[in-house]
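# Notes for the structure review
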Amino acid sequence: MALRFSTLARQDLLSRLRSEDFDLLVIGGGITGAGIALDASSRGLRVAVVEKGDFASGTSSKSTKLIHGGLRYLKQLEFGLVKEVGSERAIVHALAPWLVIPEKMLLPLSEGKSFGYWMTSIGLMIYDWLAGVQKTDRRRMLTRARTLRQEPLLIDNDIKGGALYSEYRTDDARLTIEIMKAAFHYGAVSVNYLQVTDFHYDNGSVSGVNAKDLFTEEPILIRSKVIVNAAGPWVDELRDIDKSKKRKRLHLTKGVHIVVPRQKLPVRQAIYFDVGDGRMIFAIPRGRTTYIGTTDTNYDGDKNNVAITAGDVEYLLGAVNNTFQNTRLSISDVESAWAGLRPLIHEEGKSASELSRKDEIFESPSGLISIAGGKLTGYRKMAERVVDLVIKKYFDNRQLKTCETFRIKLANHSFLSFRDVRKYFRQIYIRSRSAGFGEITARYLVENYGHQASQILDYYDEDIALPADKELVLLRSELKFAVNQEMTMTLSDFFARRTGLLYFDIHKVMKWKNEIAADMANLLGWTDSIKRDELARLDGLLYEATHFA
Ligand code: FAD
């Protein structure tokens, strides 16, 4: 039977971590760590990954969920960054076309705001050119009338014109988990809820880590020739432990997003608009909701518990209310929210929004390699740079492949183009409609799981005869998949990162959390007290996503 990235395999994976000597150990199971694990394992290195929470539980589930070139960085003259991440968009789309979805972005233009009409026209032309965007997808400048037809919700007395340009939307946590699954299929041993507490050294060179299993408190020593610190906002904590936090350091900034019902802000498409204070924010439709973000403020609080303040929420609501007609959103309209930390590199005298999003690699005297900065979009190139460095320095005498992640299709999919994804969507729509579900559910299944949606519907067909609400049966089918193939350990792993329901359909979580907890207890052998603790933790998350101090 094919190896599975299953919750039930965790003990076997832990034994392997204890007993094997690895070539490369990655600390951190966000997009950066997952990317490095896939790159290194597909080149032939023996790879381990340890993650102190769930995969993607750090910044990689808290982003704006765009695979984008970053138009803003053009204004900051970061041509290299725009060229690299811009070009990556089409590659990452081909690697996971159901999950990295083309989306036209509307940029309304008004007098005296961040972007003037002609500067935008030239800027977007450069943006498309740097990224090698195909002719049919290049930017289109719009007249005032055309802009207002494109988005009738815009307050019209301000608008001078607009632009439509190509970006991609995604789900950051799903992208991370699919990359982690692909790395696993190349032999990477990845375990979540395993926290690195200390390093192990031989003659001053780092040669392993001491880690703690956060479920059992058991310590574990993992040996590896090379160790990469891809701990995102926690990178400096590990550099501190290694006594190598010298010169450059991280500068964390907080970004908040809020989610409102789609009918409260029924924008027709993704839109990137001026707040009026020199900043720009996105409003992005997703399923039955629209999400709005982001803020960008300096942060030096608790990294494990990033609170959303009423001020954060009001800033975003104010921006929306000032931009769209007949929109009087208030805090009571906010269904859910999330806050994430950007692990940026500190630059003296620069404000949060001015800091570069470029990644950097630090090498310590002990040999610890740390990577910080960067973007979700650039994960593959960041990984390539790290693995190139590792191979050059430590494995030069071995026959290892060059980077080939540009052609490793995630979930081993066979979609040849986005048209195939659309065709597949129609099949899933017909199949789920006959089960009584609507288009939103079919779209959710395909955009979350790609061709694996069929497997979830197979589970559904097996269980539909049982006396239960069909919505719950579908959720249970997703849970089976999440446990058997996606290393789902907790209720929040399932509701926040495997399904995204905590953010985009929070009422479903509230409605079915007890039933899903009972199912997880059965599948994973939880005692009543574990189940109670799990539900209490989930209630804590539900509270944080809906209450703003
Ligand atoms: P993380 O995802 O934080 O992963 C690091 C992991 O290390 C964490 O999961 C953590 O638990 C683990 N860890 C830490 N310490 C230990 C330890 N001791 N032992 C074991 N594990 C440990 N980029 C884009 O391209 N597009 C966007 O739309 C976008 N929007 C953004 C919006 C916001 C608000 C923010 C904050 C960022 C956004 N970004 C975006 C940037 C992008 O999200 C980040 O660059 C990226 O997710 C960082 O990933 P990472 O793996 O480096 O960090």
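What comes next is a walk through the structure. Just so it is clear, the model here is predicted, and its values are computed rather than measured.

Before going further, it helps to examine the site of the ligand. The full set close to the ligand counts 38 residues, and Thr-32, Glu-51, Ser-60, Leu-66 and Thr-377 are the nearest of them. Within the side chain of Ser-60, one N or O atom sits 2.5 Å away from an oxygen atom of the ligand. Within the backbone of Leu-66, a nitrogen or oxygen atom sits 2.7 Å from a nitrogen atom of the ligand. Coverage of the ligand by the protein chains reaches 97% of its 1000 Å² of free accessible surface. Breaking the shell around the ligand down by element, the ones donating at least two residues are helix H2 (31–42), strand E8 (194–202), strand E11 (250–261) and strand E16 (336–345). Its residues placed into classes, the shell around the ligand shows 13 nonpolar, 19 polar and six charged.

Glancing now at the nonpolar core. Leu-17, Ile-36, Ile-222 and Ile-292 are the most contacted members of the largest nonpolar core, which totals 182 residues. Excluding anything up to four places from it in sequence, Ile-292 contacts Val-256, His-257, Ile-258, Val-260, Leu-265, Ile-281, Phe-282, Ala-283, Leu-316, Val-320 and Leu-329.

Moving on, we get to the side chain of Asp-213. Its location among the elements puts Asp-213 in strand E9 (residues 205–213). What Asp-213 contacts, discounting residues up to four positions off in sequence, is Arg-10, Leu-14, Tyr-193, Leu-194 and Glu-218.

Relative orientation of the contacting elements helix H4 (residues 79–95) and helix H5 (residues 117–131) amounts to 65 degrees, with a least axis distance of 7 Å. For the crossing formed where H4 meets H5, the hand is right-handed. Of the residues in H5, those touching H4 at Phe-79, Val-82, Lys-83, Gly-86, Ser-87 and Arg-89 are Tyr-127, Leu-130 and Ala-131. In the contact of H4 with H5, the residues fall into five nonpolar, two polar and two charged.

Glancing now at the environment of Ser-60. Assignment of secondary structure puts Ser-60 in the loop between strand E2 (47–50) and strand E3 (66–67). Sequence separation between Ser-60 and Gln-263 is 203 residues, and the spatial gap between their C-alpha atoms is 28 Å.

Further remarks concern unusual backbone geometry. Residue Thr-294 follows Gly-293 across a cis peptide bond; omega there is 25 degrees. Of note, Thr-294 is situated in the loop between strand E14 (289–293) and strand E15 (297–298). Unusually for a residue other than glycine, Asn-203 sits at a positive phi of about 50 degrees. The residue Asn-203 is located in the loop between E8 and E9 in this model.

Here we come to the packing of H4 against helix H10 (residues 379–394). Put simply, H4 and H10 touch, their axes get as near as 8 Å, and they point 100 degrees apart. The angle between H4 and H10 falls in the class roughly perpendicular. Across from Glu-84, Glu-88, Ile-91, Val-92 and Leu-95 in H4, the residues of H10 making contact are Tyr-379, Arg-380, Lys-381 and Arg-385. Considered class by class, the residues forming the contact of H4 with H10 number four nonpolar, no polar and five charged.

Time to look at the packing of aromatic side chains. Going through the model one piece at a time under the given rule, you end up with 20 aromatic pairs. Both rings, one in Trp-338 and one in Phe-504, keep their centres 5.7 Å apart while their planes meet at 70 degrees; by these two values the pair is edge-to-face. Note that Trp-338 is positioned in strand E16 and Phe-504 in helix H16 (residues 501–504), a separation of 166 residues in sequence. When its relative accessible area of 8% is taken as the criterion, Phe-504 is described as buried. With centroids separated by 6.4 Å and ring planes inclined at 85 degrees, the aromatic side chains of Tyr-444 and Tyr-449 adopt a geometry described as edge-to-face. Judged by relative accessible area, Tyr-449 falls into the buried class, the value being 1%. Each member of the aromatic cluster is reached from another via a ring pair, and the members are Tyr-291, Trp-338, Tyr-503 and Phe-504. Here the guanidinium or amino end of Lys-225 rests over the ring plane of Phe-395, the centre of that ring lying 4.9 Å away. Here Arg-433 stacks its cationic end above the ring of Tyr-429, 5.1 Å away from the centre of that ring.

We now examine the environment of Ser-42. Mapped onto the elements of the fold, Ser-42 is located in helix H2. In the structure, Ser-42 is positioned 334 residues away from Leu-376 in sequence and 20 Å away in space, judged by C-alpha atoms. The residues touching Ser-42, leaving out its near neighbours within four places in the chain, are Tyr-186, Lys-401, Glu-404, Thr-405 and Ile-408.

Below, the discussion takes up the pairing of E9. Each regular strand displays side chains that alternate between the two surfaces of the sheet. Here eight bridges tie E8 to E9, and the two strands are oriented antiparallel to one another. Paired with Asp-198 across the strands is Asn-210, a residue of E9. Of the pairings in the sheet, the one linking E9 to strand E10 (residues 219–229) comprises five bridges and is antiparallel in character. In the sheet register, Gly-208 faces E10, and the bridge partner there is Arg-223. In this structure, the hairpin formed by E9 and E10 is closed by a connection of five residues, where Glu-217 is found at a positive phi of approximately 70 degrees.

Thresholds, definitions, all that
- Residues numbered from 1 in each chain as written.
- Predicted model: local features only at pLDDT ≥ 70, side-chain atom pairs only at ≥ 80, totals over all residues.
- Heavy atoms only, no water.
- Near = heavy atom within 4 Å.
- Polar contact = N/O pair within 3.5 Å; in protein donor to acceptor, adjacent residues only side chain to side chain.
- Areas by Shrake-Rupley, 256 points an atom, 1.4 Å probe, with all protein chains shown as cover.
- Helix = DSSP H or I, 4+ residues; strand = E, 2+ residues; numbered from the N terminus.
- Nonpolar A, V, L, I, M, F, W, Y, C, P; charged D, E, K, R; others polar.
- Core = buried A, V, L, I, M, F, W, Y, C linked by side-chain atoms within 4.5 Å.
- Buried < 20%, exposed > 50% of the residue type's maximum accessible area, 1.4 Å probe, protein only.
- Contact = heavy atoms within 4.5 Å.
- Axes fitted to C-alpha atoms, helices over the stretch in contact; angles between N-to-C directions.
- Left-handed = near helix turned anticlockwise from the far one by under 90°.
- Parallel < 35°, antiparallel > 145°, perpendicular 65-115°, else oblique.
- Phe/Tyr/Trp six-rings, centres within 6.5 Å; stacked < 30°, edge-to-face > 60°.
- Lys NZ or Arg CZ within 6 Å of the ring centre and 35° of its normal.
- Pairing = 2+ DSSP bridges.

By themselves these figures say nothing about function.
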